[in-house]
Amino acid sequence: MLITIIHGCSTTKELSDEAPLLRKSDVFVNSEAAVDSVENIVQPTPNQRFLGIPFGLLLYQSAKDSVGADFDAWLAKKPKRKKRMQAIWSDKQIDRMRTYKTGFQAWKKRNGEAPVLTDSISRAINTQKLSAFFSNEGYFNARVKADVSVVAKKARVRYDVETKAPYFLDSITAAIQSPVLDSIYHASLDKSALVPGNRFRTVDFEKERNRLFSLFRNAGVYPFQFNSIDYSVGIDSSGVDYRLPVQLNIRNYSENQEGTIVEKEYRISKMNKIEVFVGKSGGELSDSYDSLGAFQGLSFYGREKLKYNKRLLRGSISFKTNEVYSDQARSTTLRQLTRLQSFDYPSIKYSYANEEETLLDAAIYLMPKKRYSLQFGLDLTQSDILKQGVAFSSGLSVLNVFRGAETLELGARGSLGRSGDVAISEVAWDLQLRSPQFLVPINSRLNRQEIAPQTSFRIGSANQKNIGLDKESLTAAIEYSWKPKKNRRWTFTLVDVEFVNNKNANNYFGVYTNAYQELNSIASNTTTNAAYFANNKLIIPSGAQGFIADVLQQNTSLTPGDSAFNRVQRIEERRRRLTQNNLIFSAGLQFFDSTKDGVFDRSFAQFRANLSWAGNLLKALAKPLEWDQVDGQYFLFDVPFSQYVKLETDWIRHWELGGNQVMAVRGFAGAAIPYGNADNIPFNRSFFGGGAYDNRAWEVYRLGPGSSNTGNEFNEANFKLAFNVEYRFDLIGSFKGALFVDVGNIWNIADNIDEDARLFDGFRDLNELAVGTGFGVRYDFGLFLLRLDMGFKTHNPVLPKGSRWNLNYQLKNANPTIGINYPF
């Protein structure tokens, strides 16, 4: 009904015949539909529509400019009405009512979309833009024609482009005044963007111009200017010859010397003196400095004792004395000095050291940041587990701890919130030392600053009261990371130690209520000790544990092979696993690569892989050191240590479709295989399904494993597959929309689970992939995005095979999830 009413609203009632509403624009090139890059030249684009309805336009047109005057007229129309309102509210409150009404109309205009019109001027501009585009592509004789069809003040515009024959590059010659530049140019001809026989394209000329500018500046020609380069292109005025001879022109440069313009020949400049000026921490740079000594060709100056490692600073400066000047070396130096995170905006100034201008002195200015800083934060938080809550954080940072640009960070954090009806809290602290170099007892030549080396030492502790068993954990790690390319990063974890202590293990059946209810149901139908019960329910924990012990010791009527006996056995195995303390001593290697070029790039690919292994070193030490052993399992500090190998891969791809539309795809695969000293994976290193960042048709931890219907509150396993597709688009103003398909599940493989419904037995079990489909509404606040997604269980592997598909998309069947920012 709502859609019918909205669709019935007129979007053209207020429009004139000369400027109708633009309904559609089409571009045809030689009678064929143009590609998107050509279509996008035509502006503006028609108003956006969802399901064929221009919601943004309707919202904009529903705004009334006269609402303020209408309110005043309504108020003055009946004197009794005005007196009655003034008796109830003050004049200030009545003014606020008026402001609210006018403000709401302004909000509709801000968040709506003004009607997109077309007229002869806009069509003429688009015709010129298309003609210029094809001319820049070598089609100098292209013809563009615009036809418009108007029905009921709605226009469809068609642009027809006839390209005609293109022009091609013929001979390419060069007229270069400087012999130095001429030599450099001819030595790099094989890399030229201009190739005889190629079609004329303006973009190729721009590429070649940029290439030459970088080539000369990186070959030592310090003063080279971009405007020294231009081209002469010959064209046959008769229109018979479509070959274009091209001449590259590179002139000498001009310089103003005491009011006289002097032409100067380009020369190569080499680096001479390199001086580093270090300002006072928290102060300003000064004109007078004291000498602080020299190191490997660098001279240091400052107002106080140098507090930085000279070798580290030398390694961050990419140019040396007697090397030719290079723009690339300059930008690399600034980037590497900035990466040390010890200086505010490093800068480099160059000056000639001789009259011939062949020697350059470099002065590098470093302003140290304040050594100590405090941070405080308070945020609203949300995750798959924590539905809503408040988080706080505080931290102390100390820079340049050991004179090697190290950063020491001491942080404390906490959160308080709820998950369903359960209160959740966490308090934690961590201490981290980061160094911008590899701290290893091996060859220091590995510390090449161009690969951005970093070493991190971390230790921390956390205390949780949550939906689980209340945990306290201790962690420690040593990591090395480096970036061989801009968006590529490797991280090697030498050691990662985690000890998890479940403090409230006796409350297992108070937390995992489904398991308790199942156990209570079995106990109620089994002859057992009446002391285990209170009010016809098993006492937690003594009654539940006593009953389980009796069943497994065959002191009840249940016997091995009985369905109820097997259920009790599975309940006890899961209880022991989830309440057992964990000691994880692992190492790993992580790889990350992305093609994303800046925060505004909306078409990119991203890949992440993480390989980790745990317990191997401890297992090698266990036998020689004669550690405690129970049933073939070694214990350290009365805790069996974990041993496994784990691999995760995650691939993401985004395509920008135009009109603020994006298609996003993700694929994930992960497996963790226990062996040696373990037959299962620790709960916090296993996989789960469902939730706002996974399969949104299922609540978090409620999907899988496999086709089992465990009834457990928290389902996890050691093998996972997940695939997601999401189409994102604008709705109205800051409101965004999405349509999505989520596919995936978790299974058990090569561990101590033997229930067939939970196991992955090969490709035949791919029919147990859960499929969730749905739609989402998001609001973009600028700094973050708030997301509401509604997921429907389209293929539910828990159901019998003939009944798994369900296309009954009623809102009452949807699973709502709330998230912050996009899921991937």
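Residues numbered from 1 in each chain as written. Predicted model: local features only at pLDDT ≥ 70, side-chain atom pairs only at ≥ 80, totals over all residues. Heavy atoms only, no water.

**Q** Help me out: how do you make sense of the sheet that holds strand 4 (residues 154-162) in this one?
**A** Hydrogen bonds between backbone groups are what pair the strands of a sheet, and the pairing can be parallel or antiparallel. One open sheet accounts for 4 strands, arranged 2-1-4-3; its pairing is mixed. In this open sheet, the two strands that pair with only one neighbour each are strand 2 (32-33) and strand 3 (143-151). Note that strand 3 and strand 4 share 9 bridges and pair antiparallel. Counted as the bridge partner of V151 is K154 from strand 4. Its contacts with the sheet place helix 7 (residues 120-136) against strand 1 (21-29), strand 3 and strand 4, and it is angled at close to 25 degrees to strand 4. (Pairing = 2+ DSSP bridges. Helix = DSSP H or I, 4+ residues; strand = E, 2+ residues; numbered from the N terminus. Contact = heavy atoms within 4.5 Å. Axes fitted to C-alpha atoms, helices over the stretch in contact; angles between N-to-C directions.)

**Q** What exactly am I supposed to notice about the nonpolar core here?
**A** Across soluble globular proteins, nonpolar side chains show a tendency to be buried alongside one another. V276, L313, F319, Y350, I364 and L366 are the most contacted members of the largest nonpolar core, which totals 26 residues. Put simply, the parts of the chain that give this core at least two residues each are strand 10 (270-278), strand 12 (298-302), helix 10 (310-316), helix 11 (327-339), strand 13 (347-352) and strand 14 (359-366). Setting aside its immediate chain neighbours within four residues, Y350 contacts Y222, M271, F319, Y325, R330, L360, D361 and A362. Core analysis: the second largest hydrophobic core is formed by 24 residues, A564, F565, V568 and L578 among them. (Core = buried A, V, L, I, M, F, W, Y, C linked by side-chain atoms within 4.5 Å. Buried < 20%, exposed > 50% of the residue type's maximum accessible area, 1.4 Å probe, protein only.)

**Q** I'm lost on a positive patch on the surface in this one. Help?
**A** A contiguous patch of positive charge on the surface is contributed by K77, K78, K80 and R84. Given a relative accessible area of 68%, K80 falls into the exposed group. (Patch = residues over 30% accessible without salt bridge, like charges linked within 9 Å, V, L, I, M, F, W, Y side chains within 5 Å. Areas by Shrake-Rupley, 256 points an atom, 1.4 Å probe, with all protein chains shown as cover. Salt bridge = Lys/Arg side-chain N within 4 Å of Asp/Glu carboxyl O. Lys, Arg positive; Asp, Glu negative; His and termini not counted. Charge placed at Lys NZ, Arg CZ, Asp CG, Glu CD.)

**Q** Where do I start with unusual backbone geometry in this structure?
**A** Across the chain, the bulk of peptide bonds are trans and the bulk of non-glycine residues have phi less than zero. Here I540 and P541 are connected by a cis peptide whose omega angle stands at 0 degrees. With respect to the element layout, P541 can be found in the loop between strand 23 (537-538) and helix 14 (542-552). Residue P705 is reached from G704 by a cis peptide bond, and omega for that bond is -5 degrees. You can see P705 is positioned in the loop between strand 30 (661-674) and strand 31 (719-730). With a phi angle near 50 degrees, A452 is a residue other than glycine that sits in the positive phi range. With respect to the secondary-structure elements, A452 resides in the loop between strand 18 (422-435) and strand 19 (454-465). Of the residues examined, A452 reaches a relative accessible area of 18% and is grouped as buried. Within the chain, Q554 stands out as a residue other than glycine whose phi angle is a positive 60 degrees. Its location among the elements puts Q554 in the loop between helix 14 and helix 15 (563-579). Overall, the relative accessible area of 48% leaves Q554 in the partly exposed class.

**Q** Looking at this structure, I do not really get the sheet that holds strand 13. What am I missing?
**A** Taken together, 5 strands build an open sheet; the order of strands is 11-12-10-14-13 and the sheet is mixed. Of all strands in the sheet, those bounded by a partner on one side alone are strand 11 (290-295) and strand 13. Adjacent strand axes in the sheet meet at a mean angle of 25 degrees when their direction is disregarded. Relative to strand 14, strand 10 runs parallel, the two sharing 7 bridges.

In short, geometric facts, not functional conclusions.
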